[in-house]
Amino acid sequence: MTGPLAPTPTLELLRAAAELCGPAAQRLFEVLAEDYPASLERRPGQLLRAADASAADLDGLLAAAGVASTDDLRQLAARESGLRLAEPDLRFTSRDPESEPRERSALRRMITAEEGNLRRTLADLQANGALELAAAALLRARRRWVLGDLKSAGYASLLTSDLTSSMRDVFLVPPATGAAVNAISDAHAEDVLVVFSFRNYSGLTVDVAREFHALGASVIALTDSYTSPVCSFATHVLAVDTRSESPHHSPTAVAAAAHVLAALAAAGAKGAARRNRRRAELFRSLGSYGLGRTPSVTAAEEAEGAPDLQGPAAHLPAAHLPAADLPGTGLPPADLPGTGVPAADLPGTGLPGTPATNPSGLPTAPEDEPPPAR
């Protein structure tokens with residue numbers, strides 16, 4: 001297709017990259033080349049819709065061409081053509097008839113505001129030492145309780161997941177009256193409660209914080225102001241900037257502050273690294289990770305290429321196979337009924353260096369020793 005300008009090196013580079021990346025990338029190139037370089041003044045979403053492509057297709061095309069982003073591509077095109085290309089921006093408008101004109105804002109302005117929230121919040125928490133004191137309270141506690149209501153329930157769940165990976169006795173309190181009563185009944189003066197409280201300030205959260213405070217337990221409050229209702233009962237206050245261009249409070253700095261709090265607590269927790277490794281091993285053994293791979297098949301076995309039994313032998317139990325057909329043995333036939341292999345020579349039956357295993361693949365204790373405690 002012919003554009004308004006002669007083909008440039010960047011456009012030719014995009015053409016070659018599109019031929020390598022497939023039909024979707026070729027459609028994207030055609031859309032870009034149709035009125036290049038003016039096409040780069042369109043938003044990426046508009047280009048994708050016109051080419052019936054995805055964001056992954058656009059990223060792949062740019063990566064194959066050696067360009068980091070559409071912004072870099074726009075700068076290259078501007079230098080080659082000598083033209084000044086306008087930077088596209090996404091605008092969003094509130095449909096509320098009572099909305100003020102300031103609610104019509106650019107996407108870049110919103111992103112800048114989120115970056116400012118994150119930077120100011122973390123800098124302030126580091127400067128006033130609140131994060132360190134809160135992390136120390138978590139480490140000293142006998143039990144850790146986490147509560148968030150309404151939108152804050154998501155923050156509470158994230159923090160609970162992070163804390164659980166590095167320390168014991170972490171409990172998420174569901175935002176319901178019955179669960180809150182149970183938590184207060186079981187709470188102790190040596191416990192700590194972490195609460196998330198943002199506008200419009202859940203009454204349940206404030207009430208639970210008050211009861212924990214009355215018990216003598218420490219209360220860590222992540223909130224948007226030192227004047228929020230929960231601060232009256234908080235031992236440690238982590239003030240988080242939640243200003244936003246949208247009608248809802250910003251979650252960016254909230255999630256970051258909770259993550260940093262959990263990371264500091266994990267850094268000081270005894271056995272946190274060992275607990276993390278053990279959890280990872282259990283997840284793998286339970287088949288939670290690995291996209292359906294059988295947990296008993298190890299990487300070493302895959303590398304060695306364990307034999308794949310086929311035909312009638314695939315349906316026979318191991319006791320009826322000759323020793324040469326048993327993976328990992330290579331033992332000569334001897335005395336086992338049916339095969340002539342002695343029981344002591346079979347894997348998992350007493351051969352030195354080979355632990356006994358049960359059909360589930362988990363180690364079993366020898367007969368002269370009691371089974372391990374569960």
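Now for a quick tour of the structure. In this numbering scheme, every chain counts its residues from 1 along its sequence in written order. Confidence filtering applies because this is a predicted model: local features only for residues at pLDDT of at least 70, side-chain atom pairs given and counted only at 80 or more, and all residues used for totals across whole chains, interfaces and linings. Side-chain calculation: all heavy atoms of the structure are included, whereas hydrogens and water are not.

1. Focus: the overall build of the protein
Condition: Secondary structure elements follow DSSP: runs of H or I no shorter than four residues count as helices, runs of E no shorter than two count as strands, and numbering proceeds from the N terminus. Burial classes follow relative accessibility: with a 1.4 Å probe on protein chains only, a residue under 20% of its type's maximum area counts as buried, one over 50% as exposed, and anything between as partly exposed. The contact rule is simple, with two residues in contact once any of their heavy atoms fall within 4.5 Å. The protein chains shown are the only cover counted for residues, whose accessible areas, like all others here, come from Shrake-Rupley with a 1.4 Å probe.
Secondary structure assignment for the protein yields 13 helices and 7 strands. Out of the 374 residues in the protein, the part that is buried amounts to 34%. Restricting the contact set of the protein to residue pairs at least 6 apart, pairs at least 24 apart contribute 60%. When the accessible area of the protein is evaluated, it comes to approximately 22,300 Å², of which 55% is carbon and sulfur surface.

2. Quick notes on the side chain of Ser 197
For Ser 197, the position within the fold is in strand 5 (residues 192–197). When its relative accessible area of 2% is taken as the criterion, Ser 197 is described as buried. Contact partners of Ser 197, with chain neighbours within four places excluded, come to Ser 152, Thr 205, Leu 222, Thr 223, Asp 224 and Val 230.

3. Let's talk about the pairing of strand 7 (residues 236–239)
Rules: Two strands are said to pair when DSSP picks up at least two bridges between them.
Burial along strand 7 is two-sided: His 236 and Leu 238 and Val 237 and Ala 239, pointing in opposite directions, are all buried. Judged from the 4 bridges that link them, strand 6 (residues 218–223) and strand 7 form a sheet pairing that is parallel. Bridging from a neighbouring strand, Ile 220 pairs with His 236 of strand 7.

4. A closer look at the packing of aromatic side chains
The condition that has to hold: Pairing of aromatic rings covers Phe, Tyr and Trp, the last counted by its six-membered ring, and requires centre-to-centre distances within 6.5 Å; plane angles under 30 degrees mean stacked, over 60 mean edge-to-face, and any other angle means tilted.
For the structure on display, the rule yields 4 aromatic pairs. Where Trp 145 meets Phe 212, the ring centres are 6.3 Å apart and the plane angle is 65°; that geometry is what we call edge-to-face. Here Phe 212 lies in helix 10 (residues 203–215) and Trp 145 lies in strand 3 (residues 144–148), a separation of 67 residues in the sequence. A relative accessible area of 8% means that Trp 145 is categorised as buried. With 6.0 Å between their ring centres and 85° between their planes, Tyr 155 and Phe 198 make a pair best called edge-to-face. With Tyr 155 in helix 8 (residues 152–164) and Phe 198 in the loop between strand 5 and helix 10, the pair connects residues that are 43 residues apart, well separated along the chain. Each member of the pair, Tyr 155 as well as Phe 198, is classed as buried. Aromatic rings pair up to connect Trp 145, Phe 171 and Phe 212 into one cluster.

5. Regarding the sheet that holds strand 7
For the record, the criterion: Between the N-to-C directions of two axes lies an angle of 0 to 180 degrees, each axis being a line fitted to C-alpha atoms and, for a helix, fitted only over the stretch in contact.
Reading across the sheet, the 5 strands line up as 4-3-5-6-7 and stay open at both edges, with parallel pairing between neighbours. Each of the sheet's edge strands pairs with one partner strand only, and the pair in question is strand 4 (170–173) and strand 7. When strand polarity is set aside, the average angle formed by the axes of neighbouring strands in this sheet is 15°. Examined bridge by bridge, strand 3 and strand 4 share 4 bridges and lie parallel to one another. Considered in strand 4, the bridge of Trp 145 is made with Phe 171. Across the sheet, helix 7 (residues 130–140) lies against strand 3, strand 5, strand 6 and strand 7, angled at about 135° from strand 7, the strand it touches most. The sheet contacts of helix 10 involve strand 3, strand 5 and strand 6, and relative to strand 5 the element is tilted by about 160°.

6. Some remarks on the environment of Arg 43
Mapped onto the fold, Arg 43 is located in the loop between helix 2 (23–34) and helix 3 (44–51). For Arg 43, a relative accessible area of 26% corresponds to the partly exposed category. Between the C-alpha atoms of Arg 43 and Thr 70, which are 27 residues apart in sequence, the distance is 9.3 Å.

7. Here we look at the packing of helix 6 (residues 107–128) against helix 11 (residues 252–268)
The following threshold applies: Two helices cross in a left-handed way if the nearer one is turned anticlockwise from the farther one by less than a right angle. They cross in a right-handed way if the turn is clockwise. Only Asp, Glu, Lys and Arg are considered charged in this grouping, and only Ala, Val, Leu, Ile, Met, Phe, Trp, Tyr, Cys and Pro are considered nonpolar; every other residue, Gly among them, is considered polar.
In the contact formed by helix 6 and helix 11, the axes pass within 8 Å of each other and the chain directions differ by 35°. The interaxial crossing formed by helix 6 with helix 11 has right-handed handedness. Residue-level inspection shows Glu 114, Asn 117, Leu 118, Thr 121, Leu 122 and Leu 125 of helix 6 in contact with helix 11, the latter providing Thr 252, Ala 253, Ala 256, Ala 257 and Val 260. For the contact of helix 6 with helix 11, the residue count by class is 7 nonpolar, 3 polar and 1 charged.

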